[in-house]
Amino acid sequence: MFSARKELQIVGVGLTGQEEGFSPSEYQNLYQQAKEHGLGCAAHAGEYGSTEDIWQCVRDFQVSRVGHGIRAIEDRALVSYLAEHAIHLEVCPSSNVLLRRVMS
């Protein structure tokens, strides 16, 4: 799958889109292959999904960046883990308000 990485200049993989009804675990094999080929990994989790979705992405997929991840604040251990491992949250406040994930 990743044999053409250099020719295509692929630098990473990311999981984005609708979280509800789609378990991150469905993509375990993809992330494993990406890591084996030295690609960067990111995932969109914790906007609609649970803190467990974020945990799964950081533990199982070893992502260096989580898109949104606003539910992380609900789990102190998760926030500590993100900080200790320098895992970035990509937060968009205006999107969170417009999608009614937060009040303001």
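Since the model is a prediction, treat every value here as computed from it, not as a measurement.

Across its full length, the protein carries five helices and four strands. For the protein, buried positions account for 36% of its 104 residues. The long-range fraction of contacts in the protein, counting pairs at least 24 apart against all pairs at least 6 apart in sequence, stands at 51%. Summed over all atoms, the accessible surface of the protein reaches about 6,600 Å², with 52% contributed by carbon and sulfur.

Look at any regular strand and the pattern is simple: side chains alternate between the two faces of the sheet. Burial along strand β1 (residues 12–15) is one-sided: V13 and L15 are buried, while G12 and G14, pointing the other way, are not. As paired strands, β1 and strand β2 (residues 40–45) are joined by four bridges and run parallel to one another. Looking across to β2, one finds that G14 is bridged to A42.

Quick look at the sheet that holds strand β4 (residues 88–90) now. A sheet is described by the order of its strands in space; here four strands give the open sequence β1-β2-β3-β4, paired in parallel fashion. Among the strands making up the open sheet, the edge pair consists of β1 and β4. When strand polarity is set aside, the average angle formed by the axes of neighbouring strands in this sheet is 20°. With four bridges connecting them, β2 and strand β3 (residues 65–68) associate as parallel partners. Pairing of A42 across the sheet is with R65, part of β3. With respect to the sheet, helix α2 (residues 28–36) is in contact with β1 and β2, its orientation differing from that of β2 by roughly 150°.

Time to look at the environment of T51. Of note, T51 is situated in helix α3 (residues 51–59). Owing to a relative accessible area of 18%, T51 belongs among the buried residues under this scheme. The spatial distance from the C-alpha of T51 to the C-alpha of E74 is 7.3 Å, given a sequence separation of 23 residues. When sequence neighbours within four positions are dropped, the list of residues in contact with T51 reads R71, A72, E74, D75 and L78.

Moving on, we get to the packing of α3 against helix α4 (residues 76–84). Where α3 contacts α4, the axes come no closer than 11 Å and their chain directions differ by 30°. In terms of their interaxial angle, α3 and α4 are classed as roughly parallel. Between α3 and α4 lies a crossing of left-handed hand. Packed against α3, whose contacting residues are T51, I54, W55 and V58, the element α4 presents A77, L78, Y81 and L82 at the interface. The residue inventory of the contact of α3 with α4, partitioned by class, reads seven nonpolar, one polar and no charged.

Conventions adopted
- Residues numbered from 1 in each chain as written.
- Predicted model: local features only at pLDDT ≥ 70, side-chain atom pairs only at ≥ 80, totals over all residues.
- Heavy atoms only, no water.
- Helix = DSSP H or I, 4+ residues; strand = E, 2+ residues; numbered from the N terminus.
- Buried < 20%, exposed > 50% of the residue type's maximum accessible area, 1.4 Å probe, protein only.
- Contact = heavy atoms within 4.5 Å.
- Areas by Shrake-Rupley, 256 points an atom, 1.4 Å probe, with all protein chains shown as cover.
- Pairing = 2+ DSSP bridges.
- Axes fitted to C-alpha atoms, helices over the stretch in contact; angles between N-to-C directions.
- Parallel < 35°, antiparallel > 145°, perpendicular 65-115°, else oblique.
- Left-handed = near helix turned anticlockwise from the far one by under 90°.
- Nonpolar A, V, L, I, M, F, W, Y, C, P; charged D, E, K, R; others polar.

In short, shape yes, function no, at least from these values alone.
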